[in-house]
Amino acid sequence: MPIDLTFRVGFGALALTDWDAPADPEPAVKVLRRAVELGVTFIDTADSYALGANEELIARALHPYPEGVRIATKAGRTRSRRGDWGILGRPEYLRQQVELSLRRLRVERLDLFQLHRIDPLVPFDDQIGTLRELQDDGLVGDVGLSEVGADQIERARRIVEVVSVQNRYNLGDRAHDPVVDYCTAGGLTFIPWLPLAGGRTSPVAAQVAAEIRATPAQVALAWLLRRSPMMLPIPGTSSLDHLAENVAAANVELSDSQYARLADAAASRP
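Below is a summary of the structure that appears in this document. Given the structure is predicted, the values throughout are model-derived calculations rather than measurements. (Residues numbered from 1 in each chain as written. Predicted model: local features only at pLDDT ≥ 70, side-chain atom pairs only at ≥ 80, totals over all residues. Heavy atoms only, no water.)

On a plain count of helices and strands, the protein chain comes out with 10 helices and 9 strands. Taking 270 residues into account, the globule formula puts the C-alpha radius of gyration at 18 Å, and the protein chain, at 18 Å, falls close to it. Buried residues in the protein chain amount to 55% of all 270 residues. For the protein chain, the share of sequence-separated contacts (at least 6 apart) that also reach a separation of at least 24 residues comes to 76%. For the protein chain, the computed accessible surface area is about 12000 Å², with 50% contributed by carbon and sulfur atoms. (Helix = DSSP H or I, 4+ residues; strand = E, 2+ residues; numbered from the N terminus. Rg over C-alpha atoms; globule rule 2.2 N^0.38 Å. Buried < 20%, exposed > 50% of the residue type's maximum accessible area, 1.4 Å probe, protein only. Contact = heavy atoms within 4.5 Å. Areas by Shrake-Rupley, 256 points an atom, 1.4 Å probe, with all protein chains shown as cover.)

A word on the pattern of salt bridges. Scanning all chains against the criterion turns up 15 salt bridges. We note a salt bridge from Arg34 to Glu37, for which the minimum N-O separation is 3.1 Å. Of the two residues, Arg34 and Glu37 both sit in helix 1 (residues 26-37), 3 residues apart, roughly one turn of that helix. Judged by relative accessible area, which is 36%, Arg34 ranks as partly exposed. Between Arg155 and Asp125 there is a salt bridge, and its shortest N-O distance comes to 3.4 Å. Placement of the pair is Arg155 in helix 5 (residues 150-157) and Asp125 in helix 4 (residues 124-136), with a sequence separation of 30 residues. The network of salt bridges with shared partners includes Arg174, Asp177, Asp181 and Arg227. (Salt bridge = Lys/Arg side-chain N within 4 Å of Asp/Glu carboxyl O.)

Moving on, we come to the packing of helix 3 (residues 91-105) against helix 4. At their nearest, the axes of helix 3 and helix 4 sit 9 Å apart, and the two run at 35° to each other. The two elements helix 3 and helix 4 meet at a crossing, and its hand is right-handed. Here Pro91, Leu94, Arg95 and Val98 of helix 3 lie close against helix 4, whose contacting residues are Asp126, Gln127, Thr130, Glu133 and Leu134. Grouping the constituent residues of the contact of helix 3 with helix 4 by class yields 4 nonpolar, 2 polar and 3 charged. (Axes fitted to C-alpha atoms, helices over the stretch in contact; angles between N-to-C directions. Left-handed = near helix turned anticlockwise from the far one by under 90°. Nonpolar A, V, L, I, M, F, W, Y, C, P; charged D, E, K, R; others polar.)

We now examine the packing of aromatic side chains. Given two aromatic rings, their pairing is described by the distance between the two centres and the angle made by the two planes. One pass over the structure, following the stated rule, counts 3 aromatic pairs. Ring geometry for Tyr169 against Phe190: centres 5.6 Å apart, planes inclined by 85°, an arrangement best described as edge-to-face. Residue Tyr169 is found in the loop between strand 8 (164-166) and helix 6 (177-186), and its partner Phe190 is found in strand 9 (residues 189-190); the two are separated by 21 residues along the sequence. The exposure class assigned to Phe190 is buried, which follows from its relative accessible area of 0%. Seen from their ring centres, Trp223 and Tyr259 are 5.4 Å apart, and the 15° between their planes marks the pair as stacked. With a gap of 36 residues between them, Trp223 in helix 8 (residues 216-227) and Tyr259 in helix 10 (residues 256-268) connect regions that are remote in the sequence. Given the relative accessible area of 0%, Trp223 is considered buried. Taken together, the ring pairs connect Tyr169, Phe190, Trp223 and Tyr259 into an aromatic cluster. A cation over a ring is seen here: Arg226 above Tyr259, with NZ or CZ 5.1 Å from the ring centre. (Phe/Tyr/Trp six-rings, centres within 6.5 Å; stacked < 30°, edge-to-face > 60°. Lys NZ or Arg CZ within 6 Å of the ring centre and 35° of its normal.)

Its place among the elements puts Asp137 in the loop between helix 4 and strand 7 (140-146). Remark: the alpha-carbon pair of Asp137 and Arg109, spanning 28 residues in sequence, is separated by 9.7 Å.

Let us look at the nonpolar core. Of all hydrophobic cores here, the largest spans 74 residues; its most connected members are Phe11, Leu32, Ile43, Ile58, Leu145, Trp223 and Leu262. Per element, the largest residue contribution to this core is 7 residues, and it comes from helix 8. Ranked by size, the runner-up nonpolar core spans 10 residues in total, among them Ile3, Leu5, Ala72 and Ile234. (Core = buried A, V, L, I, M, F, W, Y, C linked by side-chain atoms within 4.5 Å.)

A large share of strand 6 (residues 110-115) lies buried, amounting to 5 of its 6 residues. Sheet analysis places strand 3 (residues 70-75) next to strand 6, joined by 4 bridges and oriented parallel. Bridged to Thr73 within strand 6 is Phe113. Of the pairings in the sheet, the one linking strand 6 to strand 7 comprises 5 bridges and is parallel in character. Residue pairing for strand 7: Phe113 is matched across the bridge by Val143. Once the chain exits strand 6 it traverses helix 4 before rejoining the sheet at strand 7, and the crossover so formed is right-handed. (Pairing = 2+ DSSP bridges. Right-handed = clockwise from strand over helix to strand, strands pointing away.)

Printed below as a string of structure tokens:
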């Protein structure tokens, strides 16, 4: 079913773990629980974040999950303990990782399962077909894609219903503007990862923040929220203060001229 966009600031859990589980999980547990208390209903993780420890941390903090809270996970990327990233989209691997995520998150079905990357060494239809099979088997609820173009989304939708797309996108990096437009027109949720890059240091964001008594980070998130009604940014943090700041961005409003100034400044950046 479509992602509930009643509250449009999610939480990216990657920031809670490094290469492994934290020595003391309690600070991260407090952040996750506080996010839900503040109204966050969408939490994003992946099987490769801390080699699965990130998913386990979410279960520790929130299971049994409050009604309305959706946990989204991903598979299709590998990560070594040295931090090296890889791509692996073989059907048997994706199925294996889904089963591991189910165990770590303590659920019988994943709310939203996203293909973390399309593997160029595996036939496209085989990867997307596996998502459809996992859905038909009842192991996956909804399906999403990550780091894809509009043509790839269109091709995937011929095989399985796609409800979301997660691409890197922020005020300073708008390479995926066409994908945002595609998702907006098609009613797909667009989940920008790294949503604050450039927003904290942009001079124009700082100027607008001073005008409306907000922070530059809140301005950057508010710009994303106005960019499309299908936008669901997932800023991540391990700080309770930054969490509250990010969540409060849902109530920050930009004027037409402020929105345009931010967009023009970003477009003129090298």
